There are 2 protein chains.
Amino acid sequence: MDTFINGQKWVDIRKKAHDFVTKHSDVFCMRDTYFMSREEILEKVLKQEKLVAQLIQKGELDHELSLAITYVQDTSGPFRLHRSMFMPTLERQANDEQKIAFLEPARKYQILGCYAQTEVGHGSNVRGLETTATFIPETDEFEINSPTISSTKWWLGALGIVATHACVMAQLIVNNKKHGIFPIIVPVRSLKDHKPLPGVHVGDIGPKMGFNTVDNGFVNFDKVRVPRFNLLQRYINVDRNGNVTRPENVDPRVTYSTMVFVRAGIVNNMGKELAKAVTIATRYTAVRRQFSDPASTNKHQETPVLDYQIVQHRLIPLIAKTYAMLAMSHEFYKQYEICKAEIEDGNFSKLKEIHAVSCGLKKWCTDTTIYGVDTCRHLCGGHGFSEFSGLNSAFANLYPNIIWEGDNFVLAQQTARYILKSAHAFEQNKLLPANATSHKISNSDPTNDVFVKYPNNFETCTDYPWINKSASQICSSPELLIELLAYRLSSISFELTNRHYNLNESFNDILVPVQTLSTVYSEYMVCYYFYRHLTKLPNSPEYSKIKQPLLLMFSITALSFLTRNKGELLSCSHRNSQITPKFISNLESELINCYSNARSIAVLLVDSLGIPDSKLNSSLGISNGQVYEDYVSRALENPLNNDTFGDRTRSRWFNQYIGPILKGSNKL
Amino acid sequence: MDTFINGQKWVDIRKKAHDFVTKHSDVFCMRDTYFMSREEILEKVLKQEKLVAQLIQKGELDHELSLAITYVQDTSGPFRLHRSMFMPTLERQANDEQKIAFLEPARKYQILGCYAQTEVGHGSNVRGLETTATFIPETDEFEINSPTISSTKWWLGALGIVATHACVMAQLIVNNKKHGIFPIIVPVRSLKDHKPLPGVHVGDIGPKMGFNTVDNGFVNFDKVRVPRFNLLQRYINVDRNGNVTRPENVDPRVTYSTMVFVRAGIVNNMGKELAKAVTIATRYTAVRRQFSDPASTNKHQETPVLDYQIVQHRLIPLIAKTYAMLAMSHEFYKQYEICKAEIEDGNFSKLKEIHAVSCGLKKWCTDTTIYGVDTCRHLCGGHGFSEFSGLNSAFANLYPNIIWEGDNFVLAQQTARYILKSAHAFEQNKLLPANATSHKISNSDPTNDVFVKYPNNFETCTDYPWINKSASQICSSPELLIELLAYRLSSISFELTNRHYNLNESFNDILVPVQTLSTVYSEYMVCYYFYRHLTKLPNSPEYSKIKQPLLLMFSITALSFLTRNKGELLSCSHRNSQITPKFISNLESELINCYSNARSIAVLLVDSLGIPDSKLNSSLGISNGQVYEDYVSRALENPLNNDTFGDRTRSRWFNQYIGPILKGSNKL
């Protein structure tokens, strides 16, 4: 199961990373970090980063393994953005000479970089950035300047403490003309003593909700000069005389491809992170007992809380969605690879759709994961609130995913805009796809396919495939569940298309229903990709055992989507569709019926996700089930309780505060 | 407005508390706490607690003001549970002699107490507690014992560091017979040197998601003896010979009254806390600009994000619900007072209903507030993630409210169980209230009244009062909105009553829909009480200005409830009710129409809530609007950036980690 759902490649590298941190547990053990101040934990992570960097320098460890180590450690370090943004930007936007100058030393960690885009007053709207890079012909340099408080670069991971170089996104000005926002490499700290360079005002932005082992920083440039060479030249060129040219053969749409790639990474990562939370909550709710079930045979023994329907209703769909996320991300990634190969051949036909899909999936995956972690925390009761649950640091560290790489509400608008345009084009017969006559699960162009299957003739349509099927027949047929999701998406699409194009409601006036459209689209896509991955299950006996559990996860996912907000299916249902309140409440009953099957294999399902204890770092989720033993022993390790630091601190507090109060002393 | 919505009493005491902390700002200023370790901030709060305790001892400050100071400070301290649980338990459960022995010194802070109920393995189910108090006739003592890991007392605020006494809830055993769970006072630390007493194993449970200025602790008793006198004797008595008696005239139902009281406190507090979050988010989204609205006249100036519909849709209903929470809590509290007075006269008739209301409102208020704070954080974009937003500590500190005093999911079950019983009794004509013929807003018994107005004859009913009214007529009539909420509640009630009583589905089989029932009940009650408070608005000219804004807040609250999940109204609607998808989507359009009116007064609305800057402790919510100036200056105050601690730390990190990496040194 682990191999099928996570992929052989990941299973292998996760093992290598786990072996590595186990071998170096003196450096990598994170158990005591819950007691550390931000500075102490930053220092611990710097020590880990040093070991990894040195082994990379010696060629004993590669880039990919360094990323897997971060995953197993469950901690992002100060070099994260050096790896995930600084180097990739150089790979994509530097020319060969610049790669030698910047990328090669970066790979060897001889320089440490950050990516400096966001400003304190400017986020999503990149065109609004204020920092300027002005060409100075006299000296053949660019002058970098941040003229206002709001132009201060902000949130830049790796910059607060470690970076020596920044890749600064700045408004390019040549001959008094603005040319747009481009990246330019600016040294910020001395390689010798790490002091800020002249004109560079740089520091750490301070404590955050999470992610505190990353040194998000700020920087302000007071007319700092860099050589003209430092402007990354893949998409723009400024020559010695100030002539600005853009290379031919570069389609501006390729930047969309980069965004799709980054979002594909987030989507893939979210499944792995939700896996951690459901592992903890499932193991703990299987151990934790509260009250006796009146139906139980043993009246003296309390009932495991996982046996209660309301606990199952909150947890089991999350287990299912974890499987959905992991499975569908394989298919989404494959789709991205196909699209990328086509782009390299100059064919951009799939780009818009995959961009819309990536926006919707990024939103769905991050919302589902982050609020899923929150649900898991609540499911653990009071103990979820302890840091030893492992769920609080997870929630806090994952949280920015709903904001960065496009705020989720803004991304939903982009997805919806694409769907509305497609639906409108379809109505006008401009975009009828070649394979319009068949709806096959292997189709690679789902949006149009959805419109073909359920065109805007709902009122006259009579052959809805679920007609006269019982709820249990529908629930055991993945194809019928996907049909229902497609029907819901189609009818909501055409309703909004009508409001926007025929009734002339502006896009800004329908921003609220647009969010729903993005959600039902993403839910359709998740099931579509999830099921496509399931059809690839090898037909060998060793895989037959996991087929039923996977189909159960599929049904639970699809049913929880369809019954999430009954009004969506109901209010868009048409005369002949036979979708009534009773129809939906029967689907809901089927969903609840699925829980007992899933309950019996719940612990096996999360064990199969393969999360090592070192990543869980959780008393409640400990794999040997000795929850309370581990929990109590962690509390005893609290430095405030020990007889060195703890004794000293408590004595001081008693002498200075508590003692005088008890004695009624007036001395302040 | 402040006076009407918060009440004169609170406005006055809040001002006194604010004046007090301003006068002692050297002790009470919390600005730098974002940079502190848990020990540092605990020490700072201990210093504040000492000043407050000493002024109480001198008679210069009273108990109520000490609570208001905690509110203004936005920080709970180690004495919180001494005030909120230890002393109140003594007030209610100690006899006169015991009050002299324990309560009087507690009031003078000569002893410091905690309330020790929860055990590491036992939470909601009080009867499952394992700690025992066994009567030892030979010495006239009780022996307190925690025999297992799971019986370790856990989560006890004030115990980790400060408490000298614990009020231990233990299984009382006399003559080998178990008598149930009762409170007994056990000294835990020496008053002289604060060392744990023999047999007492006590400490701090370690870091939590929030609430880290409270010293939640654990304690384990190894056969600790206390005098028989220490068993609190209001509800039980054990005499010298081991005879156990319970005093007459004590109705066990009074404990429900205590729970109602505690929940009323939470409900009241939540409105004040949500007020903080909406103040921050409203002020910041009015300042923050992103993109240009194509309809704007000034193309160069970006648009304040509060002008976008999707931002309004997330924020404005939260402002309205803040007003709803504050207004309705006045009425709920009055209702509680009436009920309490009746109980003192031996009349328990209102108790069950008010208990059900308190469960539902506690759930609604805490869910709405905590996830409302989260929404406000997300509305602030990336900067919401910075600690300087003030929203992260708020979220983390408020979070346990969804768990303590009854987990929200369990409370919903209690509310629903009561409604189902009432609806069933009504059907059988057992409980037809005296005033069955009139539905008046002043009625004090809403549940039955709802059934009377919409009895289980929906199919034959034809006089629904919203029939033939336009959406805008409905929206401008609070009475009609309340009718719709009552109709939704009644029909969902009778549907579930039918499933439970006629179709014999067990309560455990309907736990999922039961949650919805509790929600629609609470939403009805919120509007019912909110509107009742509005009808008390004085008819003087000075109040006429605030009437329209308050009615707008009412409409937005009610409409957001009715359109939250369209399936609820739709799937329960009956033939003659004329509730169609179109009807609901018209209500939704009216809701969206309300936003522009509310947008124009949004900043005034939050200013009227009267939250002082010292409580906000937020760059984004600063009252003078200088958001980015304050934000950048706080980052500069980060100790990691200064030239003493910061310089020293950064140099060390450079010499030990970063420098060797840049130089490619192999030295680990």
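The structure this text deals with has already been given above.
The sections below set out a description of the structure shown in this document. It should be emphasised that the depicted structure is a prediction, and the values quoted were computed from it without experimental measurement.

Reading the values: rules and limits
Residues numbered from 1 in each chain as written. Chains lettered and ligands numbered in written order. Predicted model: local features only at pLDDT ≥ 70, side-chain atom pairs only at ≥ 80, totals over all residues. Heavy atoms only, no water. Helix = DSSP H or I, 4+ residues; strand = E, 2+ residues; numbered from the N terminus. Contact = heavy atoms within 4.5 Å. Buried area = accessible area lost by both parts, 1.4 Å probe. Salt bridge = Lys/Arg side-chain N within 4 Å of Asp/Glu carboxyl O. Polar contact = N/O pair within 3.5 Å; in protein donor to acceptor, adjacent residues only side chain to side chain. Pairing = 2+ DSSP bridges. Axes fitted to C-alpha atoms, helices over the stretch in contact; angles between N-to-C directions. Least-squares fit on C-alpha atoms with pLDDT ≥ 70 in both. Parallel < 35°, antiparallel > 145°, perpendicular 65-115°, else oblique. Nonpolar A, V, L, I, M, F, W, Y, C, P; charged D, E, K, R; others polar.

### Thoughts on the side chain of Asn125 of chain B
Turning to step 1, where the next piece is worked out: Looking at the element boundaries, Asn125 of chain B is found in the loop between strand 1 (113-116) and strand 2 (132-136).
Turning to step 2, where the next piece is worked out: With residues near it in sequence (within four places) discarded, Asn125 of chain B still touches Gln290, Phe291 and Glu302 of chain A.

### Some points on the interface of chain A and chain B
Turning to step 1, where the next piece is worked out: Taken together, the contact between chain A and chain B spans 119 residues of the former and 119 residues of the latter.
Turning to step 2, where the next piece is worked out: Around 10,500 Å² of area is buried between chain A and chain B when both sides are counted, 65% of it from carbon and sulfur atoms.
Turning to step 3, where the next piece is worked out: Among the residues chain A hides against chain B, the three largest losses belong to Phe385, Ile661 and Leu662 of chain A. Together they make up 8% of the total.
Turning to step 4, where the next piece is worked out: There are 2 salt bridges connecting chain A and chain B.
Turning to step 5, where the next piece is worked out: Between Glu43 of chain B and Arg652 of chain A there is a salt bridge whose closest N-O contact spans 2.5 Å.
Turning to step 6, where the next piece is worked out: At the surface where chain A touches chain B, the tally comes to 42 residue pairs in polar contact (both at pLDDT 80 or more).
Turning to step 7, where the next piece is worked out: Ranked by residues supplied to the side of chain A that touches chain B, first place goes to helix 4 (residues 38-57) of chain A with 12 residues.

### A few points about the sheet that holds strand 4 (residues 153-156) of chain A
Turning to step 1, where the next piece is worked out: Strand order in the open sheet formed by 3 strands is 4-8-7 (chain A), and the pairing between neighbours is antiparallel. A strand with exactly one partner marks an edge of an open sheet, and here the two such strands are strand 4 and strand 7 (200-204) of chain A. Taking the axes of each pair of neighbouring strands and ignoring which way they run, one obtains an average angle of 20° across the sheet.
Turning to step 2, where the next piece is worked out: As judged from the 5 bridges shared by strand 7 of chain A and strand 8 (residues 217-221) of chain A, these two strands associate in the antiparallel manner. Bridging across to strand 8 of chain A, Asp204 of chain A finds its partner in Gly217 of chain A.
Turning to step 3, where the next piece is worked out: Packed onto the sheet, helix 22 (residues 627-637) of chain B meets strand 4, strand 7 and strand 8 of chain A and runs at close to 55° relative to strand 4 of chain A.

### Quick notes on unusual backbone geometry
Turning to step 1, where the next piece is worked out: Positioned with a positive phi, Asp74 of chain A is a non-glycine residue whose angle comes to about 65°.
Turning to step 2, where the next piece is worked out: Positionally, Asp74 of chain A belongs in the loop between helix 5 (63-73) and helix 6 (80-93).

### Quick notes on the relation of the copies chain A and chain B
Turning to step 1, where the next piece is worked out: For these two chains of identical sequence, chain A goes onto chain B by a turn of 180° and a shift of 0.0 Å along the axis, with RMSD 0.0 Å. The relationship between the two copies is best expressed as a two-fold rotation axis. For chain A, the minimum C-alpha distance to the rotation axis belongs to Gly567 of chain A and amounts to 1.8 Å.
Turning to step 2, where the next piece is worked out: When you check the interface residues of chain A against chain B, 100% turn up at the interface there too, and the contact is symmetric in its surfaces.

### A short note on the environment of Leu662 of chain B
Turning to step 1, where the next piece is worked out: Secondary-structure assignment places Leu662 of chain B in helix 23 (residues 645-662).
Turning to step 2, where the next piece is worked out: Setting aside residues up to four positions removed in sequence, Leu662 of chain B forms contacts with Tyr109, Gln110, Ile111, Leu112, Thr164, Leu191 and His194 of chain A together with Phe654 of chain B.

### Describing the packing of helix 16 (residues 511-534) of chain A against helix 9 (residues 309-344) of chain B
Turning to step 1, where the next piece is worked out: For the pair helix 16 of chain A and helix 9 of chain B, interaxial distance at closest approach is 8 Å and the crossing angle is 90°. Considering their axes alone, helix 16 of chain A and helix 9 of chain B lie roughly perpendicular with respect to each other. Across from Leu511, Val512 and Gln515 of chain A in helix 16 of chain A, the residues of helix 9 of chain B making contact are Gln309, Ile310 and His313 of chain B.
Turning to step 2, where the next piece is worked out: Of the residues belonging to the contact of helix 16 of chain A with helix 9 of chain B, the class tally is 3 nonpolar, 3 polar and no charged.

### A look at the sheet that holds strand 8 (residues 217-221) of chain B
Residues and elements named next belong to chain B.
Turning to step 1, where the next piece is worked out: Ordered in space as 4-8-7, the 3 strands form an open sheet in which the pairing is antiparallel. Bordering the open sheet on either side are strand 4 (153-156) and strand 7 (200-204), each of which pairs with just one other strand. Averaged over all neighbouring strand pairs, the angle between strand axes comes to 20°, with direction disregarded.
Turning to step 2, where the next piece is worked out: With 2 bridges connecting them, strand 4 and strand 8 associate as antiparallel partners.

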